[in-house]
Structures are given as structure tokens and as C-alpha cells.
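What follows is the residue order along each chain.
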Amino acid sequence: MKNPECGLFHKGEHKRCFACEAHTACDKNGCVLEAVVTPGNVHGSVAFDDVYNKLTQAFPEAETVVADAACKTPHICRKVFDDGRVLSTAYKRPVTRKGGHPWWAYVYDEYYGCVICPEYQPLAYRTTNRDGYREYASDPKICAQCPTRHLCTKSKNCALHVLPWSDPGIQLGEA
């Protein structure tokens, strides 16, 4: 019998199943201090606020928060830092398109405030998204003529957007 509070859980090589997840906060000895149970399709970074708020109410003296890489988002970092605590998270590999340019081929130009693509074309600042990442977009007219466009984007309008240094590399996506 399926539990109506479950969600479709799928991670890596695990088979898909309906499940619930327990998001916990532990002390340095591994004792669970707080827990929040969510459907299996709720990401750990979404459940973070509930666990963190309960933990900091019960233990206001907590100085350091250790979390997995899923919690390495601008929202969570800001929340912890604004509370005067230290956040320690795991390394997260840069994410790029499979078979595309490597993440380090895109360079942020601090002077001009843009990202330079592997073909030495600027990608201008477009907006800051809801997650707090600055997005940079290519000029589709320039990308249409690019000899290595197939390594950057497959979008029909030849556009590419970049979220630079998002934990800690860049993410490339179709615009």
C-alpha cells in the first residue's frame, strides 16, 4: 500500500521507489538533535531551513554548521553567515554539458564584469536568478557563426547562459 505522503525517490544508480526521507542534524558524536521527514522527492537543500530553524532555536550556542554539498547554495550560505555561524560543506564538482567545453574554459573578466567563452567572446550579465547566482548570456548572432557552438549549446536560437562559479565551477545551460 502506497503512503500518500511519500514522493518518488531517485538518486544516482538507485532504483526509483516511493519513499520518505529523514533530514537530520547531529552533534559531533553522531547523536540526532533535530529531524524533519519529507517526501522522497524533496531535495535536501529545501528541507534545510526547517531543520536549521529547529536546531538554532533548541541550541542557540551552535557556532558551526556542517552540511553536505546539496546545502551549498547561496540562500543557505547567506542564512548561516547572517546568523554569525560558520558553514562547512563538501566540495562540489563543476557541472558542464557532457562532451562540451570544460568548465575552466569559460573565464570571468572582473574588469568588464562579463564571462569570456572559449572562443574569446563576451557573455554579458543578464540577471541574478532566484537561487542568487548571476547569469551571463551570449549574443545569439555571434554564437550562430561560432565554429565550436555544438560544444556549448544545442538551443535553436544559438543562445547560451552561464552561472559562473556556482559551487565552485560554472554551470552551462540552454537559454
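Residues numbered from 1 in each chain as written. Predicted model: local features only at pLDDT ≥ 70, side-chain atom pairs only at ≥ 80, totals over all residues. Heavy atoms only, no water.

1. Description of helix H2 (residues 74–82)
Turning to H2, its buried residues number three or more, namely Ile 76, Cys 77 and Val 80. Each buried residue of H2 sits inside an arc of 100° when the element is viewed along its axis, so together they form one side. Turned more than 90 degrees off the buried face of H2, the exposed positions are Arg 78 and Asp 82. Contacts made by the buried residues of H2 are with helix H1 (44–58), strand E4 (64–67) and strand E5 (86–89). (Buried < 20%, exposed > 50% of the residue type's maximum accessible area, 1.4 Å probe, protein only. Helix = DSSP H or I, 4+ residues; strand = E, 2+ residues; numbered from the N terminus. Arc of directions from axis to C-beta. Contact = heavy atoms within 4.5 Å.)

2. Regarding the packing of H1 against H2
Where H1 meets H2, the axes come as close as 10 Å, and the angle between the chain directions of the two elements is 15°. Between H1 and H2, the crossing angle belongs to the class labelled roughly parallel. Viewed along their axes, H1 and H2 form a crossing whose handedness is left-handed. Facing H1, whose interface residues are Ser 45, Phe 48, Asp 49, Tyr 52 and Asn 53, H2 presents His 75, Ile 76, Lys 79 and Val 80. Its residues assigned to classes, the contact of H1 with H2 comprises 4 nonpolar, 3 polar and 2 charged. (Axes fitted to C-alpha atoms, helices over the stretch in contact; angles between N-to-C directions. Parallel < 35°, antiparallel > 145°, perpendicular 65-115°, else oblique. Left-handed = near helix turned anticlockwise from the far one by under 90°. Nonpolar A, V, L, I, M, F, W, Y, C, P; charged D, E, K, R; others polar.)

3. Here's the deal with the side chain of Glu 34
Structurally, the position occupied by Glu 34 is in strand E3 (residues 32–39). No salt bridge is formed by the buried Glu 34; its nearest oppositely charged neighbour, Lys 54, is found at 5.0 Å. Setting aside its immediate chain neighbours within four residues, Glu 34 contacts His 23, Thr 24, Ala 25, Val 51, Lys 54, Leu 55 and Ala 58. (Lys, Arg positive; Asp, Glu negative; His and termini not counted. Salt bridge = Lys/Arg side-chain N within 4 Å of Asp/Glu carboxyl O.)

4. Observations regarding the confidence of the model for the protein chain
Predicted confidence across the protein chain gives a mean pLDDT of 79, with 81% of residues reaching 70 or more. Overall, residues 165–172 carries pLDDT values under 50, and its contacts beyond four positions in sequence, including any with other chains, amount to 33 contacts. (pLDDT = per-residue confidence, 0-100.)

5. Details of the packing of aromatic side chains
Taken as a whole and judged by the stated rule, the model has 4 aromatic pairs. Centroid distance Phe 48 to Tyr 52: 5.3 Å. Interplanar angle 15°. Geometry classified as stacked. In this pair, Phe 48 and Tyr 52 both sit in helix H1, 4 residues apart, roughly one turn of the helix. Here Phe 48 matches Tyr 52 in class, with each residue buried. Each ring, one from Tyr 108 and one from Tyr 136, has its centre 5.9 Å from the other, and the planes form 70°; the classification is edge-to-face. (Phe/Tyr/Trp six-rings, centres within 6.5 Å; stacked < 30°, edge-to-face > 60°.)

6. Quick notes on empty space enclosed by the protein
Gaps left between atoms are located by rolling a probe of water-molecule size over the structure's atoms. The final tally for this structure, using the stated rule, is 1 cavity of 30 Å³ or more. Lining the largest cavity are 15 residues, and of these Cys 117, Gln 121, Ser 138, Cys 143 and Cys 146 sit closest to its centre. When residues of the lining of the largest cavity are traced back to their parent elements, those giving at least two are strand E8 (122–128) and helix H3 (140–144). Its residues assigned to classes, the lining of the largest cavity comprises 8 nonpolar, 4 polar and 3 charged. (1 Å grid on protein atoms, 1.4 Å probe; cavity = no way out; pocket = protein on both sides within 12 Å on 5 of 7 lines; lining within 4 Å. Points joined across faces, edges and corners; volume = space filled by probe spheres on them.)

7. Regarding the pattern of salt bridges
Evaluated as defined, the whole model comprises 4 salt bridges. Notably, a salt bridge pairs Lys 79 with Asp 49, separated by 3.9 Å at the nearest N-O pair. Residue Lys 79 is located in helix H2, and its partner Asp 49 is located in helix H1; the two are separated by 30 residues in the primary sequence. Take Lys 79: its relative accessible area is 21%, and that puts it in the partly exposed class. For Asp 49, a relative accessible area of 22% translates into the label partly exposed. The closest approach of N and O atoms between Arg 126 and Glu 135, which form a salt bridge, is 2.3 Å.

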